[in-house]
Amino acid sequence: MTVTQSRPVLSVIGGGVIGSMCALAAADAGWHVDIYDAGEATRASEVAGGMLGTLGEGHPGEEGLFALSAESTAWWPGWIERLGDPAIVTAADTLFVATTAADGEYLRQLAQFVWAQQVPDGRLTGLRGRQVRAHEPSLSTRVHSGYRALGEGALDNRRLLAGVRSRLAERGGHVHRMWVDSFADVPGDQVLIAAGMGTSALLPDVKLVPAKGEILRLRRNRQSVPVPRNVIRARVEGRHVYLVPRADGLVVGATQYEPVSPDDRAAHAGGVADLLADAIAIMPGLRTYELIEASAGIRPGSADGLPVVERIDDRTLVATGHGRNGIVLAPATAARIVELLAG
Ligand SMILES: Cc1cc2nc3c(=O)[nH]c(=O)nc-3n(C[C@H](O)[C@H](O)[C@H](O)COP(=O)(O)OP(=O)(O)OC[C@H]3O[C@@H](n4cnc5c(N)ncnc54)[C@H](O)[C@@H]3O)c2cc1C
């Protein structure tokens, strides 16, 4: 497609999932878009697990976030079609798994919250331990009970980012690898600041709450048990661990530490050891998988738990504060930014 200079120009600061998907949605809506991005070293979207968690992220007191996540998740199939790469989707459903009666009771309370949010019948079903294992035979015989959430899948976030950038390039968009000190220096008719944790340095009035998370990537080899088909979200004696399928293995996550220095992106031995111990407790065959990456990122949380997506002034917009749900919330955020750009 030919890009003409008569298009209005949108500059996006930040090339994570939020900046990139807002950029592509704006390009589809007729804007010429340039992304200014400092690179992947500080990018939460690079390390994320890629779960599209709505039911699994439903907690009492977070009804607004639950509704927004449900709305955003409904946009995902259209985005996958737009990107033209079905392999971005790595799982369609989730199994919630408890290892003890107390873990089972914890899951039961979350299920009560979810059912009270009027989710359609059959989306979340309770299972006995053997029924959980009938869905995923590689899970441990220690599994006590669980729930099956239909339509609660996962994406390969790195493949997603690559796909979004390639579609943006087809629309004439560019990614400029650079650090931006002041958004006043960035050209463009409109500027969107979507710099994750970096947003506060550009807009000091936007206060973010950093939450560090360590996460692992494991690769299957020929001796290993197959990769589960479902996302597995387990409660193991009071701790959380999740296993997210990839084409060649699994992502195992994630720890959560608050408060934390916004620059602490080191994966520590203790976090890695806990994640591996809990993941192997739930899926013993994981022992033969190869550990190929241990990393950590900072979730850019907001004070009230909801993303900050708004116009700042005539030329400037912001989209940040997506906390632990940035992948889930990216489509709704992009739709809102396009609305704001349209005035
Ligand atoms: C361990 C972990 C697991 C997670 N798992 C999930 C999950 O399963 N599902 C889910 O929905 N969410 C998950 N999240 C949350 C999700 O990753 C974030 O909410 C989301 O990535 C935030 O995206 P973003 O684009 O706002 O920020 P980022 O991805 O951090 O991107 C910000 C970009 O801005 C750039 N930047 C910053 N400052 C500047 C500047 N001054 N100039 C130029 N560029 C700048 C950075 O280089 C970076 O590329 C997880 C997060 C972590 C840490």
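None of these values were measured; they are calculated from a predicted model.

### Considerations on the overall build of the chain
Each helix and strand counted, the chain has 9 helices and 16 strands in total. By the compact-globule yardstick of 20 Å for 343 residues, the chain fits well, its C-alpha radius of gyration being 20 Å. Along the three orthogonal principal directions, the C-alpha set of the chain runs to about 65 × 40 × 40 Å. By the burial criterion, 54% of the 343 residues in the chain qualify as buried. Carbon together with sulfur atoms contributes 53% to the accessible area of the chain, which is approximately 15000 Å² in total. The positive charge centre, built from 34 side chains, and the negative charge centre, built from 38, are 7 Å apart in the chain.

### Things to note about the sheet that holds strand 4 (residues 94-98)
With mixed pairing, 8 strands are arranged side by side in an open sheet as 5-6-4-11-12-13-10-14. A single partner strand is all that each edge strand has here, and the edge strands are strand 5 (124-128) and strand 14 (290-302). Recorded for the sheet is a direction-independent mean angle of 20° between the axes of neighbouring strands. Examined bridge by bridge, strand 4 and strand 6 (residues 145-149) share 5 bridges and lie antiparallel to one another. Looking across to strand 6, one finds that V97 is bridged to G146.

### A closer look at the pairing of strand 13 (residues 249-253)
For strand 13, the tally of buried residues reaches 5 of 5 residues, placing the bulk of the element in the interior. Here strand 10 (residues 208-219) pairs with strand 13 via 5 bridges, running antiparallel. Paired with I215 across the bridge in strand 13 is G253. When strand 12 (residues 239-246) meets strand 13, the two strands line up antiparallel, connected through 5 bridges.

### A look at helix 3 (residues 63-83)
The end-to-end C-alpha distance of helix 3 is 30 Å, a good match for the 30 Å that 21 residues give at a rise of 1.5 Å each. Along its length, helix 3 reaches its greatest deviation from straightness, about 30°, at P77. The complete set of buried residues in helix 3 reads L65, F66, S69, S72, T73, W76, W79, I80 and L83. In this structure, the buried residues of helix 3 make contact with helix 1 (17-28), strand 3 (89-91), helix 4 (101-116), strand 7 (154-155), helix 6 (157-170) and helix 9 (326-341). With its phi angle positive at about 70°, G84 sits one or two positions after the end of helix 3.

### What about the nonpolar core?
Core analysis: the biggest nonpolar cluster contains 36 residues, and V33, W76, L160, L192 and I337 have the highest contact counts within it. Breaking this core down by element, the ones donating at least two residues are strand 1 (9-13), helix 1, strand 2 (32-37), helix 3, helix 6, strand 16 (316-320) and helix 9. Looking at this core element by element, the count peaks at 9 residues for helix 1. Setting aside its immediate chain neighbours within four residues, I337 contacts C22, L192, V309, L317, V318 and A319. Counting 24 residues, the second largest nonpolar core, distinct from the first, contains V97, V132, I232 and V252.

### Description of the site of the ligand
Taken together, 37 residues form the shell around the ligand, and within it D37, G39, R43, S45 and G323 come nearest. The separation between an oxygen atom of the ligand and a polar main-chain atom of M51 is 2.9 Å. One of the backbone N or O atoms of G326 is found 3.0 Å from an oxygen atom in the ligand. Mapped by element, the contributors of at least two residues to the shell around the ligand are helix 1, strand 2, helix 2 (44-47), strand 14 and helix 9. Tallied by class, residues from the shell around the ligand come to 17 nonpolar, 16 polar and 4 charged.

### A few points about the pattern of salt bridges
A full pass over the atoms with the stated rule returns 25 salt bridges. For the salt bridge of D93 with R148, the shortest nitrogen-to-oxygen distance reads 3.6 Å. Pair noted here: D93 is in the loop between strand 3 and strand 4 and R148 is in strand 6, with a separation of 55 residues, a long-range link. Take D93: its relative accessible area is 15%, and that puts it in the buried class. The network of salt bridges with shared partners includes D37, R43, E46, R158, R165 and E293.

### Looking at the UniProt feature "domain: FAD dependent oxidoreductase" (unreviewed entry) in the chain
UniProt tags residues 12-340 as "domain: FAD dependent oxidoreductase" (unreviewed entry). Structurally, residues 12-340 comprises 33% helix and 27% strand, and the distance from its first C-alpha atom to its last is 14 Å.

Parameters and conventions
Residues numbered from 1 in each chain as written. Predicted model: local features only at pLDDT ≥ 70, side-chain atom pairs only at ≥ 80, totals over all residues. Heavy atoms only, no water. Helix = DSSP H or I, 4+ residues; strand = E, 2+ residues; numbered from the N terminus. Rg over C-alpha atoms; globule rule 2.2 N^0.38 Å. Buried < 20%, exposed > 50% of the residue type's maximum accessible area, 1.4 Å probe, protein only. Areas by Shrake-Rupley, 256 points an atom, 1.4 Å probe, with all protein chains shown as cover. Lys, Arg positive; Asp, Glu negative; His and termini not counted. Charge placed at Lys NZ, Arg CZ, Asp CG, Glu CD. Pairing = 2+ DSSP bridges. Axes fitted to C-alpha atoms, helices over the stretch in contact; angles between N-to-C directions. Expected span 1.5 Å × (residues − 1). Bend = angle between axes of the 7 residues up to and from the residue. Contact = heavy atoms within 4.5 Å. Core = buried A, V, L, I, M, F, W, Y, C linked by side-chain atoms within 4.5 Å. Near = heavy atom within 4 Å. Polar contact = N/O pair within 3.5 Å; in protein donor to acceptor, adjacent residues only side chain to side chain. Nonpolar A, V, L, I, M, F, W, Y, C, P; charged D, E, K, R; others polar. Salt bridge = Lys/Arg side-chain N within 4 Å of Asp/Glu carboxyl O. UniProt positions renumbered as here; feature names shortened; annotations may be inferred.

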